[in-house]
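Inside the fold
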Amino acid sequence: MSKYPFSDIEQKWQSHWETAKTFRAKEDSAFPKNKRAYVLDMFPYPSGDGLHVGHPEGYTATDIYCRFLRMNGYNVLHPMGFDSFGLPAENFAIKTGTHPRITTAKNIKTFVSQIKSFGFSYDWDRNLTTHSPEYYKWTQWIFLKLYEKGLAYEAEAPINFCSSCKTGIANEEVKEGRCERCGQLVERRNLRQWMLKITAYADRLIEDLEDLDWPDSVKTMQKNWIGKSEGANVMFRIDPSDNPELEGEVLEVYTTRPDTLFGATYMVMAPEHPLVDRLTTPAQKSAVDEYIHTSAMKSDLERTDLAKDKTGVFTGGYAVNPVNGEKIPIWISDYILISYGTGAIMAVPAHDQRDWEFARKFNLPVIEVLKGGDIDTEAFTEDGPHVNSSFLDGMGKQEAIDTIISWLEERELGTKAVNYKLRDWLFSRQRYWGEPFPIVHCPSCGVVTIPENELPLVLPDIESYEPTGNGESPLARIEEWVNCSCPKCGGKARRETNTMPNWAGSCWYYLRYIDPQNTNAFVDPEKEQYWMPVNLYVGGSEHTVLHLLYARFWHKVLYDLGLVSTREPFQRLINQGMITSFAYERQNKTLVPVDEVEETGPDSFVEKSTGEPLTRVIAKMSKSLKNVINPDDIIKEFGADSFRIYEMFMGPLQVSKPWSTSGLTGVFRFLDRVWRTGEKPLSDAPVPPEVEKLLHKTIKKVTEDTGALEFNTAISQMMIFINEAYKLNEINKDMWEAFLLLLNPYAPHITEELWQKCGHDSSCAYESWPVYTPELTVDDTVTIVVQVNGKLRAKFEAPRDMQQEEMKTHALSLERIQELTEGAQIRKVIAVPGKLVNIVVT
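Predicted model only: the values in this text are computed from it and were never measured.

**So, the packing of aromatic side chains**
With the rule as written, the count across this model stands at 53 aromatic pairs. With centroids separated by 5.9 Å and ring planes inclined at 70°, the aromatic side chains of tyrosine 147 and tryptophan 194 adopt a geometry described as edge-to-face. One end of the pair, tyrosine 147, is in helix α5 (residues 133-148); the other, tryptophan 194, is in strand β7 (residues 186-196), and 47 residues separate them in sequence. We classify tyrosine 147 as partly exposed; its relative accessible area is 26%. With relative accessibility at 1%, the residue tryptophan 194 sits in the buried group.

So, in structure tokens, the structure goes:
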């Protein structure tokens with residue numbers, strides 16, 4: 001038998017599919033709505049590193065599913081494109097002077113080549129890139145619709161600013177308060193930004209989750225991010241004793257527990273709160289100013305880290321607790337963010353652990369108002385009857401909340417309120433490599449939109465990508481591009497120099513796939529109705545909050561405008577697990593790159609330079625740890641079909657699992673056995689009964705498991721079948737063709753070749769899926785469990801239709817059961833047909 005020539009086969013069939021456009025999708029009305037499937041991968045950012053073995057996991061899963069659906073009579077849309085605006089390309093441009101467009105095009109070429117090498121059944125005619133003017137013309141157009149609907153507006157908002165790099169930087173580039181690129185301390189600066197009013201859709205973004213087939217964990221994360229809560233806005237009057245100008249001034253806070261007002265012993269404001277300067281007394285000004293400066297160097301994540309040491313400064317000012325008239329001090333602390341709530345809180349240290357730790361550190365009062373804990377050792381954060389709370393004493397939680405809100409409203413000291421953690425979406429970046437806003441600023445007319453017939457507003461080619469130094473985009477210094485005429489009055493105006501974030505293009509790309517060549521509309525309404533919603537969306541868990549939230553928001557706006565036909569874009573969502581690798585850990589929990597590790601014995605490793613013993617652990621693949629596996633190398637050695645099957649055979653799709661090349665070797669042997677079985681003579685001879693039954697069981701198992709995306713168990717069943725088929729001297733042609741069709745979604749190259757060897761001229765991609773005979777999937781015998789007093793003691797094989805009395809008799813005759821029941825009194829024997837016999841003895 002010849003050696004399995006995977007390399008030749010895979011190149012041959014990939015070329016065939018591309019030339020024949022085998023997987024091109026068309027809007028064929030002959031397919032009813034329930035026989036259409038839009039299956040989508042989260043499109044990748046084309047980084048310079050190319051793919052590693054973790055990337056194709058989701059792509060392989062959707063490809064298997066799409067091929068399965070086509071063979072089951074579905075019209076399938078399965079596209080691929082690139083989320084190609086991104087920070088790395090601009091940083092590379094700053095460093096080298098290479099235009100981001102050139103870098104991005106080169107990276108996309110690499111990605112396309114790698115992706116095609118897997119034999120994925122994408123419709124490449126629908127390929128798109130978000131950085132192309134033909135695409136971002138419509139991103140700009142959608143922004144105009146948001147603006148016209150009052151959902152886009154300008155506001156002052158803080159950015160991370162690096163004085164060394166002279167530019168704003170993303171949160172991801174801030175590490176421990178310093179710029180990741182240069183190590184300079186990062187400060188916060190307020191700049192004019194564009195905002196999108198996503199908060200207007202907060203309730204719908206929560207409510208419509210109920211109709212989606214998404215993991216519960218993802219729905220919970222979305223709800224928590226939106227953070228809807230009910231409580232009260234409470235007014236604390238500022239004590240004007242030290243500053244008469246504060247007479248009549250109030251500090252408003254939002255709280256979900258207004259019933260604990262009697263336990264509020266101090267207040268805390270964000271350092272950026274507008275009242276801080278006026279509240280600060282002369283004696284405290286120096287300490288407050290220094291604290292504000294220090295806070296400006298920290299990211300929001302660092303400020304809100306629950307594990308960090310609590311810091312703060314007393315402003316010198318006081319507020320008056322509205323329920324008891326007590327003066328309470330007002331502090332500032334960086335754990336309060338100006339972007340959440342009102343930027344100020346009332347602190348109830350007896351019943352909030354963070355407040356309790358703050359109060360203990362700064363010697364502030366702690367007053368118990370809920371009975372049940374020991375507040376000398378920690379905050380009591382559960383519920384209990386109210387104490388030390390005047391007219392609320394003895395009440396439970398909800399009764400006390402309702403009572404205090406009514407009390408506050410009657411005295412105009414507060415109101416019932418609904419609050420959200422969700423803030424409006426900061427939609428600006430002070431960058432070059434992003435979509436330009438279709439906006440001009442006119443001294444006479446103000447903000448003016450560019451006419452739709454002048455879109456796209458194209459990024460200018462520039463020679464220097466160096467930032468301006470004042471936090472503005474590099475576009476700000478391109479005078480010939482910035483200076484323009486006002487579309488409304490014709491006078492002198494300036495273009496908007498901020499650019500959109502890379503989220504923009506990914507908010508609607510699934511719609512453009514439906515109609516990517518349309519120059520008159522972002523999508524044809526009839527085509528949109530034909531395909532939407534996306535039936536299956538697969539991607540990494542890192543996108544479970546922001547990308548999905550932003551895309552859902554844009555989609556709902558488009559729905560309200562009558563531009564799309566569905567309320568939600570993605571009906572079903574699956575997050576694939578991470579493909580991990582091995583790393584080596586020191587005793588202090590730091591990791592060592594794999595090329596600096598020496599194996600000294602079975603599961604024994606040391607660091608080469610120090611000799612320190614190391615522990616092998618599972619870790620994320622990373623360039624710094626030198627544990628990244630390049631799929632090109634795997635395909636060259638084992639072939640794409642082996643790679644595809646191994647990634648699906650490693651375990652359930654949603655579970656993270658470690659890569660092991662030794663496991664891939666076993667899969668390669670399986671496909672080699674398939675190849676060698678296919679070289680045996682084909683005949684019309686009857687299939688041996690036991691093999692025929694196994695075939696029908698395999699058809700049933702692979703059908704059910706593939707439809708449920710449980711690919712690993714489907715592969716196991718096909719391995720069982722081929723092991724038996726390989727033992728035959730000649731192969732029944734019908735049996736063999738049925739098996740090839742089962743295997744085709746998983747290993748399309750080898751099965752296409754073997755299908756052709758069976759005498760077929762066309763691809764098997766659209767052949768009908770095999771059908772099993774139910775009677776042949778049922779075993780003639782079953783395993784009967786024998787229990788004594790409910791404990792498993794023996795088993796025996798029996799005909800499926802064995803009667804209860806026969807089961808009892810046979811169970812009692814077993815040698816092991818006779819030993820266990822000797823000398824005992826058998827009280828009862830219970831038989832469950834086809835399953836078990838339970839013997840009750842005393």
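After presenting the structure, the write-up continues.
**Quick word on the packing of helix α20 (residues 661-678) against helix α24 (residues 748-757)**
Viewed as axis vectors pointing N to C, α20 and α24 meet at an angle of 5°, and their least axial separation amounts to 10 Å. The angle between α20 and α24 falls in the class roughly parallel. Touching Leu671, Val674, Trp675 and Gly678 of α20 are Ile750, Glu753, Leu754 and Lys757, all from α24. Residue composition of the contact of α20 with α24, grouped by class: five nonpolar, one polar and two charged.

**Looking at the sheet that holds strand β30 (residues 781-788)**
Taken in spatial order, the four strands make up an open sheet running β31-β30-β33-β32, and their pairing is mixed. A strand with exactly one partner marks an edge of an open sheet, and here the two such strands are β31 (791-799) and β32 (826-832). Strand-to-strand twist of the sheet, defined as the mean angle between neighbouring strand axes without regard to direction, takes the value 20°. Sheet topology note: the β30/β31 ladder contains eight bridges and is antiparallel. Across the sheet, the residue bridging to threonine 783 is glutamate 797, located in β31. Its contacts with the sheet put helix α25 (residues 804-813) on β30, β31, β32 and β33 (836-841), and the angle it makes with β32 is roughly 125°.

**Thoughts on α24**
For α24, the tally of buried residues reaches eight of ten residues, placing the bulk of the element in the interior. Taken together, the buried positions of α24 are occupied by Pro748, His749, Ile750, Thr751, Glu752, Glu753, Leu754 and Trp755. Among the structural elements, α1 (6-20), α2 (56-71), α19 (640-649), α20 and α23 (733-743) are those in contact with the buried residues of α24. Backbone geometry just after α24 places glycine 759 at a positive phi near 105°.

**Topic: unusual backbone geometry**
In this structure, proline 456 follows leucine 455 across a cis peptide bond, with omega equal to 5°. Tracing the backbone through its elements, the reader meets proline 456 in the loop between β17 (446-449) and α13 (479-482). Along the chain, methionine 532 connects to proline 533 via a cis peptide bond; the corresponding omega equals 0°. Mapped onto the fold, proline 533 is located in the loop between α16 (525-531) and β20 (536-539). In this structure, asparagine 363 takes a positive phi of about 60° despite not being glycine. Relative to the assigned elements, asparagine 363 resides in the loop between α11 (353-362) and α12 (397-410). According to the relative accessible area criterion, asparagine 363 is exposed, its value standing at 71%.

**Overview of the packing of α19 against helix α22 (residues 711-725)**
At a minimum axis distance of 7 Å, the contact between α19 and α22 shows a crossing angle of 120°. Of the residues in α22, those in contact with Ile645, Met648 and Phe649 of α19 are Phe711, Asn712, Ile715, Ser716 and Met719. The class makeup of the residues in the contact of α19 with α22 is six nonpolar, two polar and no charged.

Analysis parameters
- Residues numbered from 1 in each chain as written.
- Predicted model: local features only at pLDDT ≥ 70, side-chain atom pairs only at ≥ 80, totals over all residues.
- Heavy atoms only, no water.
- Phe/Tyr/Trp six-rings, centres within 6.5 Å; stacked < 30°, edge-to-face > 60°.
- Helix = DSSP H or I, 4+ residues; strand = E, 2+ residues; numbered from the N terminus.
- Buried < 20%, exposed > 50% of the residue type's maximum accessible area, 1.4 Å probe, protein only.
- Axes fitted to C-alpha atoms, helices over the stretch in contact; angles between N-to-C directions.
- Parallel < 35°, antiparallel > 145°, perpendicular 65-115°, else oblique.
- Contact = heavy atoms within 4.5 Å.
- Nonpolar A, V, L, I, M, F, W, Y, C, P; charged D, E, K, R; others polar.
- Pairing = 2+ DSSP bridges.

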